[in-house]
Amino acid sequence: MAKETLFKGGEFLLKDALPEEVFTPEDFSKEQRLIAQSAEEFGVGEVASRREELEDLNPELVRDLLKKAGDLGFLGVDMPEIFEGSELDKISSALVNEFISQGVSGFSVAYAVQTGIGSLPIVLFGTPEQKKRYLPKLATGEMIGAYALTEPEHGSDALGAKTTAVLSEDGKHYILNGQKQFITNAGFADLFLTYAQIDGTQFTSFIVERDWDGVSVDEEEKKMGVHGTSTRPVIYQDVKVPVENVLGEIGRGHVVALNTLNVGRYKLGAIAVGSCKLLIAEAVKYAKTRIQFGKPICEFGLIKHKIAEMVVKTYVVESMVYRTAGLLGLALEGIDPAKEDAGHKTGEAIRKYALECSINKIFGSEVMDFVADECVQLMGGYGYIQDNPIESAYRDSRINRIWEGTNEINRLLIVDTLMKAALKGELPLLEEIKKVTGELLSLRPGMAEEEGVLAKEKNMVAMSKKIGLLSAGAAAQKYMEKLGGQQEIVALIADIIIEIFSMESALLRTLKKVEKEGEDSSQIQLAATCVYVNDSFAKVDLLARQIFAAISEGEELRTQLMALKKLARHTPINTIALRREIAESIIPVARYHLTKV
Amino acid sequence: MNIIVCLKQVPDTDSQIKVAPDGNSIVTDDVKWVMNPYDEFGVEEALQIKEKMGGEVTVIGLGPKRVTESIRTALAMGADKGILINDPALENSDALATGRALAAAIKGLDYDLIFTGQRGVDDDMGLVGATLAEFLDIPQLSIIVKAEISEDGKSVKVNRAVEGQTLVIESSLPAVITTQKGLNEPRYASLPGIMKAKKKPLEEKTLADLGLDPSQVGEGARKLKIMELTPPPQRETGKIIEGETPEEKAAELVRLLHEEAKLI
């Protein structure tokens, strides 16, 4: 039997993986389950039990909780053991992120920064001295990290930052001047991983300590959500940063910034899974006890529809997140964390999956927003009242579509990454596009009625890939290197790619489960996959039509639309009945029940 | 000081329990299994004593393969060794047979003290501590909220809460202590602990390894038989008493308590 296989970043568009070749939550090892349980116990016992105290900013408590998490090894999940880290595999680290915060944003955000963007730049790009000096303290929670990239006038356009760094006359220091904006953890952070331009052109990363002269923070921002977190501007006024604190290479700050964000992006997917599961439990519990028209509202069709949609989408994000974690794990195999170049190699290996990381970020944050929104809707007026934790969950969720690169920037990145990989010859994208285009005339209608489990859905995913290649190819041919200027079209292509990766992740996971455990115990997973793939396939069709209509006209457009019609042909299935089945299976247990951890 | 902790795996208290069609067991398909919370106190107490006095903590569980997960949890918390007694013949054993099997596994070991939960949160029998002490012929100190080992390690002084008072008991060692809530605050398994637990020895034993005969355990050897399991009655919907004034409502309440509920 085939084993988990290392595919290249973006390769899923060109090649169909076998179920055995991807990692799924059904493959968690005993240790991984134990780690998840331990994170959950900590989350329930220490974090969720203090939810109310963490509703508003409580820096002492947050620091204290981070310290406790550090004592148990939870802050060092992605740090090497030689620097006091716990050095977990990527699956375990995703599991910790999923379970540790129990939806309490006051903790989850501080935790995500501390273990992600607030320490990873050092893990990945620090010199041995920098690692020795800072990582053990970050791993125990003795030091709190923050990531200071954004500036008042540079958000998405981060690399154009205005903060300056000038080498002192004696050559021992860089003098930093400038201001950073919206810096999470700023109120109580000890360390700012920051960026500045040397000589106005060399974008460079620096490690800045809070108590150095000239470092100050401004007032707390009043935010829409995540009220239990600290967000302040950080100001540098003639800050003397020792040259030893340059992080990474001079002029290569973008490498530090972007590689760190890749990791943050896929982890955001894991956090989304955790939040969605908690929200689903709340929604179902409410729907079982809320009586209207003489019966619990969970017995009404539209409520069942909502519950099923939440479950289906959560199942898909979960499938995607652990598939990606599995890929990253394989990509990092053979890198010795104790070696000096381990960080660089890790960053480089993960960079190759930037496309998948962006998909996780976009899809995870959008599903989390969807689930929070439907949860409010299901609870009606009660969902809108401030004492209900759902109300804050709804506001908290919104930031995830904005930070770690907006979802718009990430959509552009998906296509940009793909095109670059194609041009560099890393992916035979252009060849595949030619092949599909060549097949067009001889193409027989899709949906040959195959036999077997999820055969129709398998076919839909395969056809979606062809549709994706066809539409992306047509757009690339029309605009060539100027495609990037057509943002709307690029985003449509990105959406097709996201649909393909999400559909396929759920499909492969369910097939793998059926192969291992049989169809009987996989009924709900099968239903969820059918519902998702059928809806998603219709979306892919619409997206492609929009692309063709924007780039072609006349005879050319007609030919393209005819080809699309052939590829997108399918008989709709009764997703209403399937959604009812899904909802009715979760109502008795009142918690997300598709994964055993 | 060598300490043994006996633990049971039970359904998580959050689990939705359904009675199986046979009427005297539960449906286990969707159950999340965890270490019995009372046994966690035992693990924690054993670890604290070990940290103070040295020695080794051995954890013993009885049941199917899945029980190793709970044993691993105890190892991740800091215990040194694990033993799983796993034999199909043990299925549906009562407390007497469980105590017999545990005693058989413990007999050959070098131990000074045994902890186990004062009861399992699943069936609430509370008998294993007593049967175990009996089979080993050592004292049992039950439902304990505080335990102090003497400096020479030869005796133990324990507290039991009784009706607002505290009963202080002293006993020679070895002894069985059954643990009660309040004894301590069990620690979380740390990540380094979990990684280390992977390499700790976990031995599996069958009845034959323990020198026991299948006829001494399992369904056939039960002294106690479960006749029937019934879920608690569904709570009936409440009644809201209508009335214009508090006086009217009070009068209606009294009438209902008298005439319908027949409580007054």
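Computed from a predicted model, the values in this text were never measured in an experiment.

Residue and element names in this part refer to chain B. A surface patch of nonpolar side chains, amounting to about 190 Å² of accessible area, comprises Val19, Ile226 and Leu229. Along the polypeptide, Val19 turns up in the loop between strand E2 (9-11) and strand E3 (33-35). Accessibility expressed as a relative area gives 33% for Val19, which makes it partly exposed.

Further remarks concern the pairing of strand E4 (residues 57-62) of chain B. Residue and element names in this part refer to chain B. In terms of residue burial, E4 counts as a mostly covered element, since six of its six residues are buried. Residues Val57, Val59 and Gly61 line one face of E4 and the alternating positions Thr58, Ile60 and Leu62 line the opposite face, and both faces are buried. Across five bridges, strand E1 (residues 3-7) lies against E4 in parallel orientation. Paired with Leu7 across the strands is Gly61, a residue of E4.

All names here are of chain A. Helix length check: helix H10 (residues 354-379), at 26 residues, gives a terminal C-alpha distance of 37 Å against a target of 38 Å (1.5 Å per residue), a fit within 8%. Across the 26 residues that make up H10, a large majority, 22, are buried. Positive phi shows up at Gly380, right after H10, with a value of about 60°.

Structurally, chain B comprises domain 1 (2-221) and domain 2 (234-264). Of note, the centres of domain 1 of chain B and domain 2 of chain B, computed from C-alpha atoms alone, are 49 Å apart.

Further remarks concern empty space enclosed by the protein. Residue and element names in this part refer to chain A. Summed over the entire model, instances satisfying the criterion amount to five cavities of 30 Å³ or more. In this structure, the largest cavity encloses a volume near 120 Å³. If you go around the largest cavity, you meet 16 residues; those closest to its centre are Thr5, Phe7, Val22, Arg323 and Leu327. By residue number, the principal contributor to the lining of the largest cavity is helix H8 (residues 301-332), which donates four residues. Of the residues assigned to the lining of the largest cavity, the class counts are seven nonpolar, two polar and seven charged. If you count residues domain by domain, the lining of the largest cavity takes at least three from each of domain 1 (15-144) and domain 3 (256-408). Reported here for the second largest cavity is a volume of approximately 80 Å³. Contributing to the lining of the second largest cavity are Leu13, Leu418, Leu429, Lys465, Gly468, Leu469, Ser471, Ala472, Ile493, Ile496, Ile497 and Ile500.

Moving on, we get to the sheet that holds strand E6 (residues 113-117) of chain B. Residues and elements named next belong to chain B. As summarised here, the arrangement of the seven strands in space is E7-E11-E6-E1-E4-E5-E12, forming an open sheet in which the pairing is parallel. The open sheet has two edge strands with one neighbour each: strand E7 (140-144) and strand E12 (202-205). Within the sheet, the average angular offset between the axes of one strand and its neighbour, ignoring direction, is 20°. As judged from the five bridges shared by E6 and strand E11 (residues 175-179), these two strands associate in the parallel manner. When the bridges of E11 are listed, Phe115 appears paired with Ile177.

Looking now at the packing of aromatic side chains. Scanning the model with the defined rule gives 13 aromatic pairs over all chains in all. Through a chain of ring-to-ring contacts, the aromatic side chains of A:Phe42, A:Phe74, A:Phe107, A:Tyr111 and B:Tyr188 assemble into a single cluster. For the cation-ring pair, B:Arg66 lies above B:Trp33, with the distance from its terminal atom to the ring centre recorded as 3.6 Å.

On the side of chain A, 22 residues touch chain B, which itself brings 17 residues to the contact. Considering only the surface of chain B that becomes buried against chain A, B:Tyr188, B:Leu191 and B:Ile194 emerge as the three largest contributors, covering 39% of it. Summed over the shared surface of chain B and chain A, the result is one salt bridge. Between B:Lys32 and A:Glu40 there is a salt bridge whose closest N-O contact spans 3.3 Å. Counting every contact that joins chain B to chain A gives four residue pairs in polar contact (both at pLDDT 80 or more). Only helix H2 (67-77) and helix H5 (191-197) of chain B provide two or more residues apiece to the side of chain B that touches chain A. Considering only residue class, the side of chain B that touches chain A consists of seven nonpolar, four polar and six charged.

The subject of this paragraph is the packing of helix H7 (residues 253-289) of chain A against H8(A). For any two helices packed against each other, one specifies the crossing angle of their axes together with the interaxial distance. All names here are of chain A. Across the interface, H7 lies against H8 with an axial gap of 9 Å and an inter-helix angle of 155°. With respect to H8, the element H7 is oriented roughly antiparallel. When you trace H7 past H8, the crossing you get is left-handed. Contacts between H7 and H8 involve Tyr266, Gly269, Ala270, Val273, Cys276, Lys277, Ile280, Ala283, Val284 and Ala287 from the former and Ile303, Ile307, Met310, Val311, Thr314, Val317, Glu318, Val321, Thr324, Ala325 and Leu328 from the latter. Residue classes in the contact of H7 with H8 are distributed as 16 nonpolar, three polar and two charged.

Applying the stated criterion across every chain, the model contains 54 salt bridges over all chains. When the shortest N-O distance is used, the salt bridge between A:Arg50 and A:Glu53 registers 3.1 Å. Overall, A:Glu53 belongs to the partly exposed group, its relative accessible area being 40%. Among the salt bridges present, the one from B:Lys239 reaches B:Glu260, with a minimum N-O distance of 3.2 Å. Of the two residues, B:Lys239 sits in the loop between helix H6 (207-210) and helix H7 (246-259) while B:Glu260 sits in the segment after H7, which places them 21 residues apart along the sequence. This pair shows no difference in class: B:Lys239 is exposed, exactly as B:Glu260 is. A single salt-bridge network, built from bridges that share partners, covers A:Glu26, A:Glu98, A:Lys277, A:Glu318 and A:Arg509.

Reading guide: rules and limits
Residues numbered from 1 in each chain as written. Chains lettered and ligands numbered in written order. Predicted model: local features only at pLDDT ≥ 70, side-chain atom pairs only at ≥ 80, totals over all residues. Heavy atoms only, no water. Patch = residues over 30% accessible without salt bridge, like charges linked within 9 Å, V, L, I, M, F, W, Y side chains within 5 Å. Areas by Shrake-Rupley, 256 points an atom, 1.4 Å probe, with all protein chains shown as cover. Salt bridge = Lys/Arg side-chain N within 4 Å of Asp/Glu carboxyl O. Helix = DSSP H or I, 4+ residues; strand = E, 2+ residues; numbered from the N terminus. Buried < 20%, exposed > 50% of the residue type's maximum accessible area, 1.4 Å probe, protein only. Pairing = 2+ DSSP bridges. Expected span 1.5 Å × (residues − 1). Domains from an automatic or database assignment. 1 Å grid on protein atoms, 1.4 Å probe; cavity = no way out; pocket = protein on both sides within 12 Å on 5 of 7 lines; lining within 4 Å. Points joined across faces, edges and corners; volume = space filled by probe spheres on them. Nonpolar A, V, L, I, M, F, W, Y, C, P; charged D, E, K, R; others polar. Axes fitted to C-alpha atoms, helices over the stretch in contact; angles between N-to-C directions. Phe/Tyr/Trp six-rings, centres within 6.5 Å; stacked < 30°, edge-to-face > 60°. Lys NZ or Arg CZ within 6 Å of the ring centre and 35° of its normal. Contact = heavy atoms within 4.5 Å. Buried area = accessible area lost by both parts, 1.4 Å probe. Polar contact = N/O pair within 3.5 Å; in protein donor to acceptor, adjacent residues only side chain to side chain. Parallel < 35°, antiparallel > 145°, perpendicular 65-115°, else oblique. Left-handed = near helix turned anticlockwise from the far one by under 90°.

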